[in-house]
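Remarks on the overall topology
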Amino acid sequence: MNWKLPFDIPLVTPTMGIPIEFYDALGIIVFVIHISFIYVLIGASTASVIYNVMGVFKKDKNYDKLAYNMTNPTTISENMGALWGVAPLLVISVLYTGFFYTAILKVSPHILHIIYGNIFAFLLSYAYKFSWHKLSDSKGFHIAIGLVAVLVFYSLPPVFMSMANLYLQPETFATVQNIWDIMLTPLTGFRLLNFFLTAFGFTGIFMIWYGMRMQKNGEEEVGKIAVNQGKKWFMFSTPVNVAILPLLLFAFSPRIAEGLMGTVFIYLPFFASIVLTIIFFYLMRRWKKDTFSSKEVFTVALMMVFSVVLMATARHGIRVVSFKEPLAIQAAATKAYMTASLSEYKKYKESMKNVVKKDLSNPATLAESKGCLACHSIDTTLVGPAYKEVAAKYSSAQQIVNSIKNGSEGKWGTIAMPAQDVDDKEANILADWVLSQKQN
């Protein structure tokens, strides 16, 4: 059969028949869970170092306690963020396999920084947390450990963001030669700004909730500081974020921006900005309050998560628009390839019907069909001994049958004979035929 395998084998999207919309929704949900932990990781690790420094300069133990408390959400978010980070990657790799892995190849080996950078930062953040009391007399060194961990954490989003921006724009595959070609672009910078501002705003809301929790646990002063600082984190970072959010979708290539214009995704960043603005004024009215009711905290937290859901859905909208045409081309290529392969197979089956079947009851024909004559001949030694030599050495057909079915080694020099793919009847026919070559 003449199989023609192309260099670029088209891919079938491996959804197992489940509607694409299911994977779309699943991707958004698991991404929101993942990114929520990452936001807290970035914010809490930063806050811990900042309040550790403030505790030293203000000589206020409450700031030191707040800094120590912020190490708990840092380490929890490290583990949960990494765990949940696998889920959106798997969903994306199912839907956009070719584009996703092509982008990874383009930014390799720098993409591996996600692995060893995470490990290094994890170890440092744990060392920072668990050496807190032992290094209380060496605050400078202790703060340096936390600061290096934060800087390493900050180095991870640019790498991942570069890969994400690349695979979202497959038209750039030909021009991007390495990670720096995509990392040092306004698009990546723009999206990183949105990422960090959202992380700080998200952490602000988290600190309000965490501060209320500490107050309920009897840490009144520390809890009040956390609440007040949480409001500042959100309100200082949000105005710029509100301004740039509607512009994010237009930072991509004109092809994507034009494609988004006719979809609902174009409105989502505006809605996210409106939600953040409502939270902003909500907290402004409570600027002088250092306590919140559970209902108030729940309300602002729910609104913050809702704004992240809107951002995540808009982000997925970019994928839907960007890959619409490439996936259609890929699907057409896949169908053509599978049709051509099936046609080739059918031709092969038809041609086999016209082949005259060999009479395998004839020992010589059977030996030829089983490939025996590739290594043996009747009179001359080839790879293996001549059949006349074999017939002269053995008197029992069963000995030859054993060699045919199980193979043999060391009987005819150093070259071993492998076991042959024959049944008992075929082995006996061949053995009798070999013995019949015995010279009188």
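Residues numbered from 1 in each chain as written. Predicted model: local features only at pLDDT ≥ 70, side-chain atom pairs only at ≥ 80, totals over all residues. Heavy atoms only, no water.

Let us now look at unusual backbone geometry. At the junction of S108 and P109, the peptide bond is cis and its omega measures out at 0 degrees in the coordinates. With respect to the element layout, P109 can be found in the loop between helix 4 (97-107) and helix 5 (113-130). (Helix = DSSP H or I, 4+ residues; strand = E, 2+ residues; numbered from the N terminus.)

A separate point is the environment of V176. Checked against the element boundaries, V176 lands in the loop between helix 6 (139-168) and helix 7 (179-183). In contact with V176, not counting residues within four places along its chain, are K106, L166, D181 and I182. (Contact = heavy atoms within 4.5 Å.)

Evaluation of the coordinates by the stated rule reveals seven salt bridges. The partner of D64 in a salt bridge is K139, with the nearest N and O atoms 2.9 Å apart. Remark: K139 occurs in helix 6 and D64 occurs in helix 2 (residues 61-69); sequence separation between them is 75 residues. For D64, a relative accessible area of 21% gives the class partly exposed. With a relative accessible area of 17%, K139 lands in the buried category. Where R286 meets E296, a salt bridge forms, and the shortest distance between an N and an O atom there is 2.9 Å. Of this pair, R286 sits in the loop between helix 11 (268-284) and helix 12 (294-353) while E296 sits in helix 12, placing them ten residues apart in sequence. Given the relative accessible area of 15%, R286 is considered buried. Overall, the relative accessible area of 13% leaves E296 in the buried class. Members of the salt-bridge network, linked through shared partners, are R286, K289 and E296. (Salt bridge = Lys/Arg side-chain N within 4 Å of Asp/Glu carboxyl O. Buried < 20%, exposed > 50% of the residue type's maximum accessible area, 1.4 Å probe, protein only.)

All of the buried residues in helix 2 are Y63, L66, A67 and N69. Along the long axis of helix 2, the arc covered by the buried residues comes to 160 degrees, so they all point the same way. The secondary structure elements touched by the buried residues of helix 2 are helix 1 (20-58), helix 3 (71-95), helix 8 (186-216) and helix 9 (220-248). Where helix 2 starts, the residue carrying a side-chain oxygen 2.8 Å from the main-chain nitrogen of N62 turns out to be D60. (Arc of directions from axis to C-beta. Polar contact = N/O pair within 3.5 Å; in protein donor to acceptor, adjacent residues only side chain to side chain.)

Angle between the axes and distance between the axes: these two values describe a pair of packed helices. Direction vectors running N to C along helix 1 and helix 6 enclose 155 degrees, while the axes themselves pass 10 Å from each other. Overall, the two elements helix 1 and helix 6 adopt an arrangement that is roughly antiparallel. Judged by the sense of rotation from one axis to the other, the crossing of helix 1 with helix 6 is left-handed. Residue-level contacts link L41, I42, S45, T46, V49, N52, V53 and V56 of helix 1 to K139, H142, I143, G146, L147, V150, F153 and Y154 of helix 6. Here the contact of helix 1 with helix 6 is composed, by residue class, of ten nonpolar, five polar and one charged. (Axes fitted to C-alpha atoms, helices over the stretch in contact; angles between N-to-C directions. Parallel < 35°, antiparallel > 145°, perpendicular 65-115°, else oblique. Left-handed = near helix turned anticlockwise from the far one by under 90°. Nonpolar A, V, L, I, M, F, W, Y, C, P; charged D, E, K, R; others polar.)

Quick look at the environment of P158 now. With respect to the element layout, P158 can be found in helix 6. What P158 contacts, discounting residues up to four positions off in sequence, is M183, T188 and L192.

Our focus in this paragraph is the packing of aromatic side chains. Applying the stated criterion across every chain, the model contains 22 aromatic pairs. Through a chain of ring-to-ring contacts, the aromatic side chains of Y39, Y154, F195, F196, F200, F202 and W233 assemble into a single cluster. Positioned above the aromatic ring of F292, the side-chain terminus of K289 is 5.7 Å from the ring centre. (Phe/Tyr/Trp six-rings, centres within 6.5 Å; stacked < 30°, edge-to-face > 60°. Lys NZ or Arg CZ within 6 Å of the ring centre and 35° of its normal.)

So, on to the packing of helix 1 against helix 12. Viewed as axis vectors pointing N to C, helix 1 and helix 12 meet at an angle of 130 degrees, and their least axial separation amounts to 9 Å. One finds that helix 1 runs oblique with respect to helix 12. Crossing angle aside, the handedness with which helix 1 passes helix 12 is right-handed. In this structure, helix 1 uses D24, I28, F31, V32, I35 and Y39 to contact helix 12, whose residues at the interface are V308, V309, A312, T313, R315 and H316. By residue class, the composition of the contact of helix 1 with helix 12 is eight nonpolar, two polar and two charged.

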